[in-house]
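Structure assessment
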Amino acid sequence: MNRTIFITGASSGIGKATAILFAKQGWNVAATMRQPKNETDLQQYPTIKLYTLDVTDSDSVQQAVKQALADFQHIDVLLNNAGYGLAGPLETASETKIMDQFNTNIFGVMRTIKALLPNFRQVGGGTIINVTSIGGLVGLPFNSIYHATKFGLDGLSESLNYELRPFNIRVKIVAPGGVITDFATRSLQRTMDGASVYDESLTKVFTAFGANASNYSTAGQIADVIYGAATDNTDQIRYVAGQDAQATYNAWKNMSNEDFFAMINQRFGLGK
């Protein structure tokens, strides 16, 4: 019997690359997205089925899980990949934008996990892989709300790993750095429209982010890490994915807080 993976946010980027990789490896793939009627690439693979799912809607989550289980009978791996970034000063963020960010990046993950836990217990185990970010381990300028969701997802994952191991359910975290996808356009929102007192610092920070793009990973490279996490049968919980993410994380671990913060301030032109 083929193994099955359930993927959120499979319409582009990491989610789509992961769906294709698993299909090529002989897996069944439940690829979910908000608008499956617009998807053509994934329909070329006979073991991939598309489902409508909006992680911010509990009924949508429940319906997609129900349909996928009816089609595949069981699900072995849940990949929580759906998410987006909210960048800019906290002061300029409306409460609606803040709540929307949490509703997708945190509450959406909770909804899919809760919906699939009965399946995992029934089949005797499974793996939950949450795509966090290097931004779930290290904070960088003008991403405070995004970091709050990703740090939260990292903590959620660690705690759940203890909670679910008696049921042979592993929880794993894949934390990419920069990825060459449309994240910066399609999946990145700003906290503000127009000018603010933060414009000078913002310009420096976003220029510095752009200058590092040559070190970013491809979506396929992150998909390879996800496949490894799903199949290595180990208790490893955290997979820092991409050379830029690994370099940043290693610096964070090996430097004092003060030295690390000074380095980041210098890198982004924010002074001491």
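Everything discussed here concerns the structure shown above.
Residues numbered from 1 in each chain as written. Predicted model: local features only at pLDDT ≥ 70, side-chain atom pairs only at ≥ 80, totals over all residues. Heavy atoms only, no water.

**A closer look at the pairing of strand 6 (residues 126–131)**
Formally: Here the term buried applies to any residue with accessible area under 20% of the maximum for its type, exposed to any over 50%, and partly exposed to those in between, with areas from a 1.4 Å probe on protein chains only. The helix and strand labels rest on DSSP assignments: H or I over at least four residues marks a helix, E over at least two residues marks a strand, and numbering proceeds from the N terminus. Note: two strands are recorded as paired if DSSP finds a minimum of 2 bridges between them. If you view a crossover with the strands going away from you and the path from the first strand over the helix to the second runs clockwise, you call it right-handed.
Burial analysis of strand 6 places six of its six residues in the buried class, the great majority of the element. Judged by which residues are buried, strand 6 turns out to be covered on both faces: Gly 126, Ile 128 and Asn 130 on one side and Thr 127, Ile 129 and Val 131 on the other are all buried. As defined by bridge partners, strand 4 (residues 77–80) adjoins strand 6 across four bridges and the pair is classed as parallel. Each residue of the ladder has a partner; that of Asn 80, found in strand 6, is Asn 130. Relative to strand 7 (residues 169–176), strand 6 runs parallel, the two being bridged by six bridges. Of the residues in strand 7, the one forming a bridge with Asn 130 is Ile 173. The parallel pair strand 6 and strand 7, bridged by helix 4 (residues 144–164), forms a crossover whose chirality is right-handed.

**Considerations on helix 5 (residues 199–211)**
To keep things clear, this is the line we draw: What a helix is expected to span follows from its residue count: subtract one and scale by 1.5 Å. Think of it as the arc spanned by the lines of direction from the helix axis to the C-beta atoms. The contact criterion used is simple: two residues touch if any of their non-hydrogen atoms lie within 4.5 Å.
The first and last C-alpha atoms of helix 5 sit 18 Å apart over 13 residues, in line with the 18 Å expected at 1.5 Å per residue. Of all the positions in helix 5, only Leu 202, Val 205 and Ala 208 are classed as buried. Taken around the axis of helix 5, the buried residues stretch over an arc of 135 degrees, which confines them to a single face. Away from its buried face, by an angle of more than 90 degrees, helix 5 presents the exposed residues Glu 200, Thr 203, Thr 207 and Ala 211. Against helix 8 (257–267) lie the buried residues of helix 5.

**Structural notes on the packing of helix 3 (residues 95–123) against helix 4**
We apply this condition: A fitted line through C-alpha atoms serves as each axis, taken over the contacting stretch for helices, and the angle formed by two N-to-C directions is quoted from 0 to 180°. Roughly parallel refers to an angle under 35 degrees, roughly antiparallel to one over 145, roughly perpendicular to one between 65 and 115, and oblique to any angle outside these ranges. Whether a crossing is left-handed or right-handed is set by the direction in which the near helix is turned from the far one by less than a right angle, anticlockwise for left-handed and clockwise for right-handed. Under the convention adopted here, Pro, Cys and the residues Ala, Val, Leu, Ile, Met, Phe, Trp and Tyr are nonpolar, Asp, Glu, Lys and Arg are charged, and Gly plus all remaining residues are polar.
For the pair helix 3 and helix 4, the least separation of the axes is 9 Å and the interaxial angle reads 20 degrees. The pairing of helix 3 with helix 4 is recorded here as roughly parallel in orientation. Of the two possible hands of crossing, helix 3 and helix 4 adopt the one that is right-handed. Contact residues: helix 3 offers Ile 98, Gln 101, Phe 102, Asn 105, Ile 106, Val 109, Met 110, Ile 113 and Leu 117, while helix 4 offers Ile 145, Tyr 146, Ala 148, Thr 149, Lys 150, Gly 152, Leu 153, Leu 156, Leu 160 and Leu 164. Tallied by class, residues from the contact of helix 3 with helix 4 come to 14 nonpolar, four polar and one charged.

**Some details on the pattern of salt bridges**
Basically, it comes down to this: Basic side-chain nitrogens of Lys or Arg form a salt bridge, by our definition, when they fall within 4 Å of a carboxyl oxygen of Asp or Glu.
Inspection of every chain in the model, using the stated rule, returns eight salt bridges. The partner of Lys 16 in a salt bridge is Asp 41, with the nearest N and O atoms 3.0 Å apart. In this pair, Lys 16 sits in helix 1 (residues 13–24) while Asp 41 sits in the loop between strand 2 (28–33) and strand 3 (48–52), placing the two residues 25 residues apart along the sequence. Given the relative accessible area of 16%, Lys 16 is considered buried. Linking Asp 235 and Arg 165 is a salt bridge whose minimum nitrogen-to-oxygen distance equals 3.0 Å. With Asp 235 in the loop between helix 6 (219–231) and strand 11 (238–241) and Arg 165 in the loop between helix 4 and strand 7, this pair connects stretches of sequence that are 70 residues apart. Each of Lys 16, Glu 39 and Asp 41 takes part in a single network of salt bridges with overlapping partners.

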